[in-house]
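Overview (structure and organization)
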Amino acid sequence: MESVDNAFTAAHEAVDKIASAASHAAEALDEKGEQLKNAEHRLVDNCNGYIRSNPIASIGIAVAAGFMLSRLLGSR
């Protein structure tokens, strides 16, 4: 009976450790996700500022990117 109790205790401790590690991993992923969301907002704000400051250059960049994409995707 003692070996069953020892096995149960060991299994319970292992499950607790796994649950703790999963909780820490989830917290880390949540934090990284928040950082990525903030980086995305900064990038969008920077792009919007550039577009407002340089509308003609922005149109030229968009046309060039569209042309390149059409050439790359059209050749397949």
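What you see is a predicted model, and the numbers here were worked out from it, not measured in a lab.

Overview of the overall build of the chain
- Of regular secondary structure, the chain possesses 2 helices and 0 strands.
- The C-alpha atoms of the chain give 27 Å as radius of gyration, which overshoots the globular expectation for 76 residues (11 Å, by more than 25%).
- Its C-alpha atoms give the chain principal-axis dimensions of about 80 × 35 × 5 Å.
- Across the 76 residues in the chain, those meeting the buried criterion constitute 1%.
- For the chain, the accessible area works out to roughly 6800 Å², and carbon and sulfur atoms hold 65% of it.
- A gap of 23 Å separates the mean positions of the 7 positive and 10 negative side-chain charges of the chain.

Section: the pattern of salt bridges
- The full count for this structure, using the stated rule, is 1 salt bridge.
- Note that lysine 37 and glutamate 34 form a salt bridge whose closest N and O atoms lie 3.9 Å from each other. With lysine 37 and glutamate 34 both in helix α1 (residues 2–53) and 3 residues apart, the pair spans about one turn of that helix.
- For lysine 37, a relative accessible area of 42% gives the class partly exposed.

Comments concerning the environment of leucine 43
- Here leucine 43 shows up in helix α1.
- Note on leucine 43: relative accessible area 55%, which makes it exposed.
- Between the C-alpha atoms of leucine 43 and alanine 64, which are 21 residues apart in sequence, the distance is 21 Å.

A closer look at a nonpolar patch on the surface
- A contiguous nonpolar patch, built from Tyr50, Ile51 and Ile61 and spanning about 290 Å² of accessible area, is present on the exposed surface.
- Structurally, the position occupied by tyrosine 50 is in helix α1.
- A residue is classified by how much of its surface remains accessible, and tyrosine 50, at 40% relative accessible area, is partly exposed.

Some remarks on the packing of α1 against helix α2 (residues 55–74)
- Contact geometry for α1 and α2: axes closest at 5 Å, N-to-C directions at 115 degrees. With respect to each other, α1 and α2 are oriented roughly perpendicular. Residue-level contacts link Tyr50, Ile51, Arg52 and Ser53 of α1 to Pro55, Ala57, Ser58 and Ile61 of α2.
- Of the residues belonging to the contact of α1 with α2, the class tally is 5 nonpolar, 2 polar and 1 charged.

About the criteria used
Residues numbered from 1 in each chain as written. Predicted model: local features only at pLDDT ≥ 70, side-chain atom pairs only at ≥ 80, totals over all residues. Heavy atoms only, no water. Helix = DSSP H or I, 4+ residues; strand = E, 2+ residues; numbered from the N terminus. Rg over C-alpha atoms; globule rule 2.2 N^0.38 Å. Buried < 20%, exposed > 50% of the residue type's maximum accessible area, 1.4 Å probe, protein only. Areas by Shrake-Rupley, 256 points an atom, 1.4 Å probe, with all protein chains shown as cover. Lys, Arg positive; Asp, Glu negative; His and termini not counted. Charge placed at Lys NZ, Arg CZ, Asp CG, Glu CD. Salt bridge = Lys/Arg side-chain N within 4 Å of Asp/Glu carboxyl O. Patch = residues over 30% accessible without salt bridge, like charges linked within 9 Å, V, L, I, M, F, W, Y side chains within 5 Å. Axes fitted to C-alpha atoms, helices over the stretch in contact; angles between N-to-C directions. Parallel < 35°, antiparallel > 145°, perpendicular 65-115°, else oblique. Contact = heavy atoms within 4.5 Å. Nonpolar A, V, L, I, M, F, W, Y, C, P; charged D, E, K, R; others polar.

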